[in-house]
Amino acid sequence: MKRLALRTGVRWKISIAIAAVGALIAVALSLVVHNAARVSMIENAREVQLERLLGAQRFYEAASTQKNLPKFGAKLNDPAIPPSLRDEVRKNRRATHVAETPDGVPDVWAAVPLANGDVLSLHTRFADRSATIMDDLDRALIIGSVSVVFGGCALGVLIGGQLSRRLRKAAAAAGLVAQGQTDVRVREAVGGVVRDETDELARAVDALTDALNERIEAERRVTADIAHELRTPVTGLLTAAELLPPGRPTELVRDRAQAMRTLVEDVLEVARLDSASERAELQELPLGEFVSRRIGLLDPDVTVRVVHESWVSTDPRRLERILGNLLGNAAKHGSTPVEVTVEGRVVRVRDHGPGFPEELLRDGPSRFRTGSMDRAGHGHGLGLTIAAGQARVLGARLTFRNAAPSGAAEGTGGAIAVLWLPEHAPTNTGSFPMLRGAEERQPQG
């Protein structure tokens, strides 16, 4: 069974924890203070009651009459004396007793034995003033407890909010690094004066980014070096193939030598794109006319439809390279007819083949991807990789999706590659404004 996961922010977890601890402490202290105050007042009431009774005793013994005892509230041999108090008096002891009543206000008793064997007692209810003081104390404790809980919540929100903001900044910076902006540093994005575990996490992510960048750069250099070393012998092999006598074997050798030369050139181009040193040579041109003309030269069988013409500032050579690679991929792995649509700054290339594999849609183009998942089951994956790299140089965005409708069998609708050219040309510093918030339209029909 799938467990239900509840997602809560760090801010609210901390505030709830502080509020809960504050509430427990406030309740515990309130109970202790309430009980201590009640016990103290009852003990004071016992002492006052006993002092009053002793005063009545002295008056009674001096006057030898109980005529004035009601003035003190004392009674002689009161039958309502509690049994426990009576037992204490029988032992010839002065004693007090507090009895609880249904209304919550206790009765305070005091009793003393007399020389003739009688019992003099005094009975009053707990002082109204003392009860009022206890009510005020309880009210103050409740208000104080509620204030502690709300203060703890506010403190938790403040502390948790600061921590949550730092974590969100770290996550946003890590997301930019994942998108390829390797110059972003999580530690700088987090900022702040206080050093905590967030800084340790940021330093770890930055160290991981640096290590990955070094490894990628090392792999790029190795790839470029190998391609450079292969260029000379491959060129010599192609030249030697031209000297062979005509025949089928010669054609095969020339074909394989040319394929090897193309592969070496593609690898070198990928290495240059990975180095991020490429810059676009910009020209103003009508996109629809340019695409129609270039595709007419590359593949006359491709249908080009210009929905809306637009002038763009871009590099014609790199744009032609992107279009050629997309058409080559469609011809090699897709199926006819191949359609190209130009709408404003957006160029769509669609074929009617089996569509892109799920790995490409999920992870993007991957060089040297081979196997049955690569549409036709073969290829080096450099064509789409180069197209995506050239798009980055232009400041454009290249996306991939399949045209199959929802619920249709896989590979029934064809593949669609969409090139989104930027609204503004790339700057001299290499920053490329991207299209924001654009939604790709589904093909009609």
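So, how was this worked out
- Residues numbered from 1 in each chain as written.
- Predicted model: local features only at pLDDT ≥ 70, side-chain atom pairs only at ≥ 80, totals over all residues.
- Heavy atoms only, no water.
- Helix = DSSP H or I, 4+ residues; strand = E, 2+ residues; numbered from the N terminus.
- Buried < 20%, exposed > 50% of the residue type's maximum accessible area, 1.4 Å probe, protein only.
- Contact = heavy atoms within 4.5 Å.
- Areas by Shrake-Rupley, 256 points an atom, 1.4 Å probe, with all protein chains shown as cover.
- Pairing = 2+ DSSP bridges.
- Axes fitted to C-alpha atoms, helices over the stretch in contact; angles between N-to-C directions.
- Core = buried A, V, L, I, M, F, W, Y, C linked by side-chain atoms within 4.5 Å.
- Parallel < 35°, antiparallel > 145°, perpendicular 65-115°, else oblique.
- Left-handed = near helix turned anticlockwise from the far one by under 90°.
- Nonpolar A, V, L, I, M, F, W, Y, C, P; charged D, E, K, R; others polar.
- pLDDT = per-residue confidence, 0-100.

### Structural notes on the overall build of the protein chain
Item 1. A tally of helices and strands in the protein chain yields eleven helices and eleven strands.
Item 2. Relative to its 445 residues, the protein chain shows a buried fraction of 35%.
Item 3. By sequence separation, contacts in the protein chain at least 24 residues apart represent 63% of the contacts at least 6 residues apart.
Item 4. If you sum the accessible surface of the protein chain, you get close to 26900 Å²; carbon and sulfur atoms cover 56% of it.

### Structural notes on the sheet that holds strand 10 (residues 397-402)
Item 1. Ordered by their spatial adjacency, five strands build an open sheet running 6-8-9-11-10, and the pairing between neighbours is mixed. Taken across any chain shown, the strands that pair with only one partner, and hence form the sheet edges, are strand 6 (303-308) and strand 10. The sheet shows a mean angle of 15° between the axes of neighbouring strands, taken without regard to direction.

### A short note on the nonpolar core
Item 1. Judged by nonpolar contacts, the single largest core of 32 residues is most densely connected at Val291, Leu326 and Leu419.
Item 2. Within the residue set of this core, elements represented by two or more residues are helix 8 (287-298), helix 9 (316-333), strand 8 (339-343), strand 9 (346-350), helix 11 (382-393), strand 10 and strand 11 (415-420).
Item 3. The greatest single-element share of this core, amounting to six residues, is contributed by helix 9.
Item 4. One finds Ala74, Ala110, Leu114 and Leu122 within the second-largest nonpolar core, a separate group that totals ten residues.

### Regarding the sheet that holds strand 4 (residues 119-125)
Item 1. Strand order in the open sheet made by the four strands is 1-4-3-2, with antiparallel pairing throughout. Strands at the two margins of the open sheet, each flanked by one partner only, are strand 1 (74-76) and strand 2 (95-99). Taking the axes of each pair of neighbouring strands and ignoring which way they run, one obtains an average angle of 25° across the sheet.
Item 2. Note that strand 1 and strand 4 share three bridges and pair antiparallel. Bridged to Leu76 within strand 4 is Leu120.

### Quick look at the environment of Leu29
Item 1. In this structure, Leu29 sits in helix 1 (residues 10-63).
Item 2. Judged by relative accessible area, which is 53%, Leu29 ranks as exposed.
Item 3. A sequence separation of 116 residues divides Leu29 from Ser145, and the C-alpha atoms of the two residues are 9.0 Å apart.

### Observations concerning the packing of helix 9 against helix 11
Item 1. For the pair helix 9 and helix 11, the least separation of the axes is 9 Å and the interaxial angle reads 155°. Accordingly, the angle class assigned to the pair helix 9 and helix 11 is roughly antiparallel. Seen from above, helix 9 lies across helix 11 with left-handed handedness. On helix 11, the residues touching Arg318, Arg321, Ile322, Asn325, Leu326 and Asn329 of helix 9 are Gly383, Leu384, Ile386, Ala387, Gln390, Ala391 and Val393.
Item 2. Per-class residue counts for the contact of helix 9 with helix 11 are seven nonpolar, four polar and two charged.

### Section: the environment of Ala26
Item 1. Position of Ala26 among the secondary structure elements: in helix 1.
Item 2. The class for Ala26 is buried, based on a relative accessible area of 9%.
Item 3. Sequence-wise, Ala26 and Ile142 are 116 residues apart; in three dimensions their C-alpha atoms are separated by 8.8 Å.
Item 4. In contact with Ala26, other than residues within four places in its own chain, are Ser145 and Val148.

### Some remarks on the confidence of the model for the protein chain
Item 1. On average, residues of the protein chain carry a pLDDT of 75, and 77% of them reach 70 or more.
Item 2. Across residues 370-380, where pLDDT falls below 50, the model places 30 contacts with residues more than four positions away in sequence or in other chains.
Item 3. Considering only residues more than four positions removed or in separate chains, one finds that residues 427-445, a stretch of pLDDT under 50, has 35 contacts.

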